[in-house]
Amino acid sequence: MQKRLKSRFLFCDRWLDRQSIVRNMEAFQDLIVIVLCLGLFAVMLIQLWGILIALTQPLDYKHVTAKILFVLILVELFRLLMVYLQEHSISVGVAVEVTVVSVLREVVVHGVLEISSVQTAAICGLLFILGGLLVVCAKTPHMDCISANTKLCPIVYEDRRELQNDLEFQYSRRQKSAE
């Protein structure tokens, strides 16, 4: 009995090729991310225009600082989407940085004195955990590429080379014992 190839087709008549479907879905996903990037860029321009308008009026430092921090969050999100487009994986380090800036923006907007002690403890705990994640990301520079399994990741391909060498060694031993 002949076994069918798993990656060759989905239905018994072979009209749908699984690899072409995956390739098309990835292209569509890239298109969605590009549209999100363009939307983020438009929102950044609108926010910058709002900052310029706010600077011409009587200065409200809290309002202007919140707008500037919001633009920085949008820049980091834009960077996160760019990394996704290049590597097809989410960078954990950039995502953590976005979260840290977002939390600090909320603290600045609401004011440290207006936040309750329970919320302050929760924010401190969250920032402590996010700081730990940043340290882990810094200590393991290839953490993102291992999960993405990209060609640029030297660790994944090094492991594959070792596996390939082991298989070749086992094959050569079998050949020698067969002779």
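Predicted model, so just to flag it, every value in this text is computed and none were measured.

Chemist: So what's going on with helix α3 (residues 92–110)? Which residues, and what values?
Modeler: A rise of 1.5 Å per residue sets the reference length of α3, with its 19 residues, at 27 Å; its end C-alpha atoms lie 27 Å apart and thus fit the reference within 8%. When α3 is considered as a whole, its buried residues turn out to be G93, V94, V96, V98, V100, V103, R105 and V107. Where α3 ends, the next residue or the one after it, G111, has phi of about 85 degrees, a positive value.

Chemist: Help me get a handle on the pattern of salt bridges, residues and values and all.
Modeler: For side chains of opposite charge, pairing can occur when their charged atoms come near one another. As enumerated under the stated definition, the model contains three salt bridges in all. One salt bridge in this structure joins E76 and R79, with 3.1 Å as the shortest N-O distance. Note that E76 and R79 are positioned in helix α2 (residues 61–87) at a spacing of three residues, about one turn of the helix. Looking at E76, the relative accessible area reads 16%, which means it is buried. The exposure class of R79 is partly exposed, given its relative accessible area of 36%. E106 is the partner of R105 in a salt bridge, and the nearest nitrogen-oxygen pair spans 2.9 Å. Note on R105: relative accessible area 19%, which makes it buried. By relative accessible area, E106 is classed as partly exposed at 34%. One salt-bridge network, in which partners are shared between bridges, spans E76, R79 and E97.

Chemist: Before we move on, could you go through the nonpolar core and cite the residues and values that matter?
Modeler: Most often, soluble globular proteins have nonpolar side chains that are buried together. In terms of nonpolar packing, the biggest core is built from seven residues, these being V33, C37, L40, M44, L74, L81 and Y84. Among the elements of the structure, α1 (18–56) and α2 are those that each provide at least two residues to this core. Beyond its immediate sequence surroundings of up to four residues, C37 is in contact with F78, L81, M82 and L85.

Chemist: Pulling in residues and values, what's your account of a nonpolar patch on the surface?
Modeler: Where nonpolar side chains cluster on the molecular surface, the patch consists of W49, L52, I53, L55, L59 and Y61 and spans about 670 Å² of accessible area. Per-element accounting of the nonpolar patch gives the leading share, four residues, to α1. In this fold, L52 is placed in helix α1.

Chemist: Which residues make up unusual backbone geometry, and what values go with them?
Modeler: Positive phi outside glycine occurs at H88, with the angle close to 55 degrees. Turning to its location among the elements, H88 is positioned in the loop between α2 and α3.

Criteria and thresholds
Residues numbered from 1 in each chain as written. Predicted model: local features only at pLDDT ≥ 70, side-chain atom pairs only at ≥ 80, totals over all residues. Heavy atoms only, no water. Helix = DSSP H or I, 4+ residues; strand = E, 2+ residues; numbered from the N terminus. Expected span 1.5 Å × (residues − 1). Buried < 20%, exposed > 50% of the residue type's maximum accessible area, 1.4 Å probe, protein only. Salt bridge = Lys/Arg side-chain N within 4 Å of Asp/Glu carboxyl O. Core = buried A, V, L, I, M, F, W, Y, C linked by side-chain atoms within 4.5 Å. Contact = heavy atoms within 4.5 Å. Patch = residues over 30% accessible without salt bridge, like charges linked within 9 Å, V, L, I, M, F, W, Y side chains within 5 Å. Areas by Shrake-Rupley, 256 points an atom, 1.4 Å probe, with all protein chains shown as cover.

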